[in-house]
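What the coordinates show
Chain by chain, the residues run as shown.
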Amino acid sequence: ATLGEAALGQLRQAQILLGPAAMSITAFGLFVQPRLARREQEVTSRTSGQLSLAATLLALAGAATSLTVAAPVSELLFRDETALSVGLLFPLSVQLALEASALGFVLPLRAARRGAPIAAARAVSVAVGVPAVIGAASLGGIVLAAWAFAAQAGVYLVAAATGRTRTQQPRPAEVGPR
C-alpha cells in the first residue's frame, strides 16, 4: 500500500493536535536541565526514574487531552477534508509517552556531559525505526506506520536507559604507580 495525501494529512493533523503535549515535554526538559547540571554529582538512578515518571505523566496528560478534544478541534480546524482517526492518534500518543519517558535518562546524561550514550541511543533507534516505519507504511498504511513510530520510541527508551545505567556503574580502579 502507498500512502496518499489523505493519509499523510491525517498524520500531520494528529501531530498538530499532539503539539501542545510535545511542547510541554520540551519545556519540562528545559526547566529541569540546569537544575540537574548544578547537582550532577547527586543524580542517582532513582532521580532518573522520578524524572522519567514525571515526564511520562506530563505526556500522558497532554495526550489524553488531545484525544478528548480531537473531534471538535479537528472539525473546527480541518473541517471534513481529513477525518482524524483515534486509531492514528493513539499510537502517536504512545510514541510521545515513550519519548518523554526516555527524557528521564537523557537529562542526567546531558547534565554529566556524556553525549556518546545519547548519540548511540539515537543511532540505534534510527537504524531500527526507519526500516520499520517504511516497512509498516508499505504493508499496512499510516496507522501501522504510527505504531512503528511508537516502537522506534520504545527502542530509544531502552537504549537511553541502558546508556544511563552503564554510565552509573563505578569505573574500575586504575592500575599503575601511585
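Refer to the structure above for everything that follows.
Keep in mind that this is a model prediction, so the values were computed, not measured. (Residues numbered from 1 in each chain as written. Predicted model: local features only at pLDDT ≥ 70, side-chain atom pairs only at ≥ 80, totals over all residues. Heavy atoms only, no water.)

Here we take up the packing of helix H3 (residues 86-111) against helix H5 (residues 142-168). In contact at an axis separation of 8 Å, H3 and H5 are set at 15° when each is read in the N-to-C sense. Taken together, the axes of H3 and H5 are roughly parallel relative to one another. In the crossing of H3 with H5, the sense of the turn from one axis to the other is left-handed. (Axes fitted to C-alpha atoms, helices over the stretch in contact; angles between N-to-C directions. Helix = DSSP H or I, 4+ residues; strand = E, 2+ residues; numbered from the N terminus. Parallel < 35°, antiparallel > 145°, perpendicular 65-115°, else oblique. Left-handed = near helix turned anticlockwise from the far one by under 90°.)

This part covers the side chain of Thr56. Its place among the elements puts Thr56 in helix H2 (residues 45-78). With residues up to four places along the chain from it excluded, the contact list for Thr56 reads Ala97, Ala100 and Ser101. (Contact = heavy atoms within 4.5 Å.)

What follows deals with the side chain of Gln33. Looking at where Gln33 falls in the secondary structure, it is placed in helix H1 (residues 5-38). Among the polar contacts listed, one links the side chain of Gln33 to the backbone oxygen of Leu107, at a separation of 3.4 Å. Leave out the neighbours within four places in its chain, and Gln33 touches Leu107, Arg110 and Ala111. (Polar contact = N/O pair within 3.5 Å; in protein donor to acceptor, adjacent residues only side chain to side chain.)

Next up on the list: the environment of Val130. Along the chain, Val130 turns up in helix H4 (residues 115-140). Considering only alpha carbons, one finds Val130 and Phe149, 19 residues apart in sequence, at a separation of 8.6 Å. Beyond its immediate sequence surroundings of up to four residues, Val130 is in contact with Ser125 and Gln152.

These figures come from the coordinates and say nothing about function on their own.
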